Amino acid sequence: MTDTAAKSETDRAREVEETFRVLPGLYLIGSMEKGVTLYNQQVRAHNLVWALWELQQNAKLRVGRVAVVGGGVSGLAVAACIISRFDKAVSVTLFEERWDICPLQQGSDTRWIHPKIYDWPAVGSRGTDAQLPVLNWSQGRASDVVRTVVAEFTAFCDAFAKSQERLTVYLGLRHFQIKVGMDHKKEVSRIANKATRSGPFFHLGRPEGGTAQFDTVILAIGFGLETVIPGYASDSYWRNEQVGQPVLDGTRHRYLVSGFGDGALVDLCRLTIERFRQDTIISELFKSALDEVETRFDAEIETRGRDANMFDLFAGVEGDLLGAATIELGNRIRKDTRVTLRLRGRNNEIKTFSQIFGRHSSFLHRLLTFLLYKCGAFGLDFSELGTAVKRHGIPAANVLCRYGANTMDHLRALFVDDQMVVNRLTEMKERQQQIPRPLFPPGIFPYYEKEKKE
Amino acid sequence: MLTHVYRNPEPVPLVSQLAVLPFLAGVDGLLRESGEVPGLRITVHRVMSREGQGYLQQVCAYITDSGADWRGKVGRTFPVTEGIMGAAYEFGRVWRTKSFPTREALILVMHENMKRVGDTRDPNTVAIAYLAIPMLGPQGEVVLILYADCNKLNFFVDDQLIKHVVAMCKGFCKLFDWLQHDLPFPNLRNLPLEKGKPAREKETLYLSIQEQVEKIDPPKFKAVPFFNYEAAAA
């Protein structure tokens, strides 16, 4: 029996609840963690709500009136988990800054979302179905995934929150602040439009300002919008663009990708690999050897740890395990682009290419970047952004800066007194304890089809 | 030992569901060939895991006389000690309900068993004939369990009938061995499931009315160690 199984469910729930707790009754989902994917955030939402329910069942806390901050996938997942699992004494008020739920991914047709591919080569990571009990979805374009998620959210609301009091939604926030008293009472002030749900859509009421007390506040804001670098294109990762499509004017376009997280490396792949598809690339490169590659890398990760720098591992197997894939990839390097990967780091800490092979990105992207490197598919630059752009003659519109978001500032801005939370947020970032695996027992969340029948 | 067992469904990929439903419809047709079978329902469970714990999960709807009963049923998870399925899982053999002279005699014994395992249902409202056929993987591990129950006394005691159902299961295994090897549908793949340590609860087998079928070997996959068909992009 594992340690996890040996503990009582309430003890496990307490451990899980603590990983999300900023202050008593104030929780944060994933924002300070390294793996902030749609799937991971949704899993965390399930884990948190299960833990809260389990603890309330055992009179360890009272959930009461809940504010969910953020109307993206994790916010919707938290809300749906709560209304399905808790009885009607628990109500949810959901706050979304923009004018619709899931605003980042709505209409995003150029980004692909897969539930677990960033866990590759772990067993089951190629599974295309999220297999989550609340707001389940399968891989697809971001726009298709959120369409499914919103449809599921609607079904949960129809089944478990028929009265508007059970789930209240505010859209278009023009002001939002959380005031936490010394007694940990939480007061939310806002100026926004109360929205009325009509199927999967929302009608806006008149804008209104006000304050309200909540027993529980759950921050489900993801990591916010990326840092914008003045002078360069750098739209949000989720906005539609054309870098993945062939150039049509017969010329060869120069691009610079700055950064080395997953956002940067997936764009590097799109710009350098012909007919690149995030969902099929490993199958296409490794073909029938994929299972063997998966097994060997999975064993290596088990030994080295997922955070280890993988450059030496890749270099050690390049003639053996990676040989055929390198040849395959070499045949697919785009002819219409010339790409420079700029590496520097927030504190100028990146001096060599091999440094980026630590846990700055998923194993999959580290591997693809290594293979592209072996194919000579891109150039490298370690200088200041302006210098690099000038040196390589890159048009400003073709400079893609993928630096992630300043999540800490974004979070601090939500609080009247951010000093009450900043130390704990820093600790959360250091400790990385919100495990993105389903920790909730199977069958814990009621499903809307059953509710419909009954 | 699990402290709580919850019965709400967890998702099962639609392709996995569709992969077994036509087969079950065929089994249903066979079982009804000689006449009406009151309350007959058939389904398949798979072995899956969550956080290192292995469970049985209902893969698809129950095939019934009136079609399929699926709401709230597909995806339910059970500890590996659940009823006659648990026995099929534990021993890797076919299990069924024994022969009884009368319905009353069976219910009398079953009621005692139900009390012993803490089942508080009225014995007159539950099925009186059960069948569980494990489909084993290449290493002898249980991959799937065909489950059937009905209200017809002694329905599964006929060895010939069980042999026919097992033969159908063998054909099913053979087909999926071929699918696993030849990959004729590139977008439909049996993607790996994690293995877990079996999650055990108090056994709920009605031991005095069920028996292991000694003479009929269970069907076996040669190349399928898990059952998780999904619509992959490649």
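Residues numbered from 1 in each chain as written. Chains lettered and ligands numbered in written order. Predicted model: local features only at pLDDT ≥ 70, side-chain atom pairs only at ≥ 80, totals over all residues.

### Here's the deal with the overall build of chain A
Secondary structure assignment for chain A yields 15 helices and 14 strands. Here chain A has a C-alpha radius of gyration of 23 Å; the compact-globule value for 454 residues is 22 Å, and the two agree. Counting the 454 residues in chain A, one finds 46% classified as buried. Taking as baseline every contact in chain A between residues at least 6 positions apart, the subset at least 24 positions apart corresponds to 78%. (Helix = DSSP H or I, 4+ residues; strand = E, 2+ residues; numbered from the N terminus. Rg over C-alpha atoms; globule rule 2.2 N^0.38 Å. Buried ≥ 20, exposed ≤ 12 C-beta atoms within 10 Å, placed from the backbone. Contact = placed C-beta atoms within 7 Å.)

### Observations concerning the sheet that holds strand 3 (residues 65–69) of chain A
All names here are of chain A. In spatial order, the strands read 1-2-10-3-4-7-8-9; together these eight strands make up an open sheet with mixed pairing. Where the open sheet ends on each side, the last strands, each with one partner, are strand 1 (21–23) and strand 9 (201–214). Within this sheet the neighbouring strands show an average axis-to-axis angle of 30°, counted without direction. (Pairing = 2+ DSSP bridges. Axes fitted to C-alpha atoms, helices over the stretch in contact; angles between N-to-C directions.)

### Description of the pairing of strand 1 (residues 41–50) of chain B
Residue and element names in this part refer to chain B. With respect to burial, strand 1 is a largely interior element, ten of its ten residues being buried. Burial of strand 1 is two-sided: the residues Arg 41, Thr 43, His 45, Val 47 and Ser 49 facing one way and the residues Ile 42, Val 44, Arg 46, Met 48 and Arg 50 facing the other way are all buried. Taken together, the six bridges between strand 1 and strand 8 (residues 142–150) define a ladder with antiparallel strand orientation. Along strand 8, the bridge assignment pairs Val 44 with Leu 146.

### Re the sheet that holds strand 14 (residues 399–401) of chain A
Residue and element names in this part refer to chain A. Reading across the sheet, the four strands line up as 13-12-11-14 and stay open at both edges, with parallel pairing between neighbours. This sheet does not close on itself; its edge strands, each paired only once, are strand 13 (379–381) and strand 14. Neighbour-to-neighbour, the strand axes of the sheet open up by a mean angle of 25°, direction not taken into account. Looking at chain direction, strand 12 (residues 337–342) and strand 13 are connected through three bridges and run parallel. Residue pairing across strands places Thr 340 opposite Gly 379, the latter belonging to strand 13. Across the sheet, helix 12 (residues 385–392) lies against strand 11 (253–258), strand 12, strand 13 and strand 14, angled at about 165° from strand 11, the strand it touches most.

### Description of the interface of chain B and chain A
When the parts of a complex come together, some accessible area is lost, and that lost area is often used as the size of the interface. Each partner contributes residues to the interface: chain B has 28 residues there, and chain A has 34 residues. Those elements that provide at least two residues to the side of chain B that touches chain A are strand 2 (53–58) and strand 12 (229–231) of chain B. Its residues assigned to classes, the side of chain B that touches chain A comprises twelve nonpolar, eight polar and eight charged. (Nonpolar A, V, L, I, M, F, W, Y, C, P; charged D, E, K, R; others polar.)

### Description of the domain arrangement of chain A
Residues and elements named next belong to chain A. Annotation of chain A at the domain level lists domain 1 (3–224 + 406–453) and domain 2 (253–401). Between domain 1 and domain 2, the C-alpha centre-to-centre distance is 32 Å. The interface of domain 1 with domain 2 comprises ten residues on the first partner and twelve residues on the second. Here the residues of the side of domain 1 that touches domain 2 sort into seven nonpolar, two polar and one charged. (Domains from an automatic or database assignment.)

### Some details on the packing of helix 10 (residues 323–330) of chain A against helix 11 (residues 363–374) of chain A
All names here are of chain A. Interhelical geometry of helix 10 versus helix 11 gives an angle of 70° and a closest axis separation of 9 Å. Between helix 10 and helix 11, the angle falls in the class roughly perpendicular. For the pair helix 10 and helix 11, the crossing hand works out as right-handed. In this structure, helix 10 uses Ala 325, Thr 326 and Leu 329 to contact helix 11, whose residues at the interface are Leu 371, Leu 372 and Lys 374. Looking at the contact of helix 10 with helix 11 residue by residue, the classes come out as four nonpolar, one polar and one charged. (Parallel < 35°, antiparallel > 145°, perpendicular 65-115°, else oblique. Left-handed = near helix turned anticlockwise from the far one by under 90°.)

### As for the pairing of strand 8 (residues 186–198) of chain A
Side-chain direction in a regular strand flips from residue to residue, so the side chains alternate between the two faces of the sheet. Residue and element names in this part refer to chain A. Note: strand 7 (residues 167–180) against strand 8, nine bridges, orientation antiparallel. Within strand 8, the residue paired with His 175 across the bridge is Ile 191. Relative to strand 9, strand 8 runs antiparallel, the two being bridged by twelve bridges. In the sheet register, Ala 195 faces strand 9, and the bridge partner there is Leu 204. In this structure, the hairpin formed by strand 8 and strand 9 is closed by a connection of two residues, where Gly 199 is found at a positive phi of approximately 65°.

### Focus: unusual backbone geometry
Here Trp 120 of chain A and Pro 121 of chain A are connected by a cis peptide whose omega angle stands at 15°. Of note in the backbone geometry, His 184 of chain A takes a positive phi value of approximately 70° without being a glycine. You can see His 184 of chain A is positioned in the loop between strand 7 and strand 8. Phi at Glu 51 of chain B takes a positive value of approximately 50°, unusual for a residue other than glycine. With respect to the helices and strands, Glu 51 of chain B occurs in the loop between strand 1 and strand 2.

### So, the confidence of the model for chain B
When pLDDT is averaged across chain B, the result is 93; 97% of the residues are at 70 or more. Our summary of model confidence lists the complex with pTM equal to 0.92 and ipTM equal to 0.87. (pLDDT = per-residue confidence, 0-100.)

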